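Survey of secondary and tertiary structure
One-letter residues, chain by chain:
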Amino acid sequence: GAGVSQSPSNKVTEKGKDVELRCDPISGHTALYWYRQRLGQGLEFLIYFQGNSAPDKSGLPSDRFSAERTGESVSTLTIQRTQQEDSAVYLCASSFDGGPPRSTFGSGTRLTVV
Amino acid sequence: AQRVTQPEKLLSVFKGAPVELKCNYSYSGSPELFWYVQYSRQRLQLLLRHISRESIKGFTADLNKGETSFHLKKPFAQEEDSAIYYCAISDSGAGSYQLTFGKGTKLSVIP
């Protein structure tokens, strides 16, 4: 594809339900990042993948959050037992060599927990 | 812990006027600083990074380690510069480009 693709673009879920957010990076990009942006806040780093490994998952806010990546491609961010404070835009980005994301952010998934 | 402060949430300037978007940071090592931009209905994208010492779309930013600042400047604002600008710092020493972002400044250029 031409860029980083995220799905769904919008997700409304009930408190306590689990959600899965998907990111398709640019083909060939080895590094993949997940960020979260709450309303009125800056982007918060969640997790970084190099290939299928996650050497840095320091930003995951709790054990309800997990992420995986397969085939050095698609990544899934899973939030279990969602809470209202999980409401945010979740952004994915990729880069070729582990460098900082350039024009390679996805358009995000807007998650609303009601 | 590293932190990025963008003191202005909103900034309005007239077309042709100079623009300065402020960014201050706290970091104990040797930081790498970036500016990202998000135009209306577009994705977040990298504008410039301090190590490149480049000028993109007329914008420049100089890292001032004494003042721990990385302000973004443009001498003459254009309407197409209206966007949200985020300052970010990386902890590349940790082996990844984990970016810490500021909360962003929304720039409105008045025609």
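Now for a look at the structure at hand. (Residues numbered from 1 in each chain as written. Chains lettered and ligands numbered in written order. Predicted model: local features only at pLDDT ≥ 70, side-chain atom pairs only at ≥ 80, totals over all residues. Heavy atoms only, no water.)

Topic: the sheet that holds strand β8 (residues 72-74) of chain B
Residues and elements named next belong to chain B.
- Strand order across the open sheet formed by three strands is β3-β8-β7, with antiparallel pairing between neighbours. Each edge of the open sheet is held by one strand with a lone partner, namely β3 (19-21) and β7 (60-61).
- Of the pairings in the sheet, the one linking β7 to β8 comprises two bridges and is antiparallel in character. Across the sheet, the residue bridging to alanine 61 is leucine 72, located in β8. (Pairing = 2+ DSSP bridges. Helix = DSSP H or I, 4+ residues; strand = E, 2+ residues; numbered from the N terminus.)

Some thoughts on unusual backbone geometry
- Between A:Ser7 and the following residue, A:Pro8, the backbone shows a cis peptide bond with an omega angle of -10°.
- Position of A:Pro8 relative to the elements: it lies in the loop between β1 (5-7) and β2 (10-13).
- Positive phi outside glycine occurs at A:Arg81, with the angle close to 45°.
- In this structure, B:Lys57 is a non-glycine residue whose phi angle is positive, near 55°.
- Among the structural elements, B:Lys57 can be located in the loop between β6 (45-49) and β7.
- Residue B:Lys57 is classed as partly exposed on the basis of its relative accessible area, which comes to 47%. (Buried < 20%, exposed > 50% of the residue type's maximum accessible area, 1.4 Å probe, protein only.)

Some details on the layout of surface pockets
- One number sums up the size of the largest pocket: a volume of about 890 Å³.
- In this structure, the largest pocket is lined by 40 residues; those nearest its centre are A:Gln37, A:Arg38, A:Gly40, A:Gln41 and B:Tyr86.
- Broken down by secondary-structure element, the contributors of at least two residues to the lining of the largest pocket are β5 (43-50), β9 (88-95) and β10 (109-113) of chain A together with β1 (3-5), β9 (83-90), β10 (99-101) and β11 (105-110) of chain B.
- Considering every element that reaches the lining of the largest pocket, the biggest residue donor is β10(A), with four residues. (1 Å grid on protein atoms, 1.4 Å probe; cavity = no way out; pocket = protein on both sides within 12 Å on 5 of 7 lines; lining within 4 Å. Points joined across faces, edges and corners; volume = space filled by probe spheres on them.)

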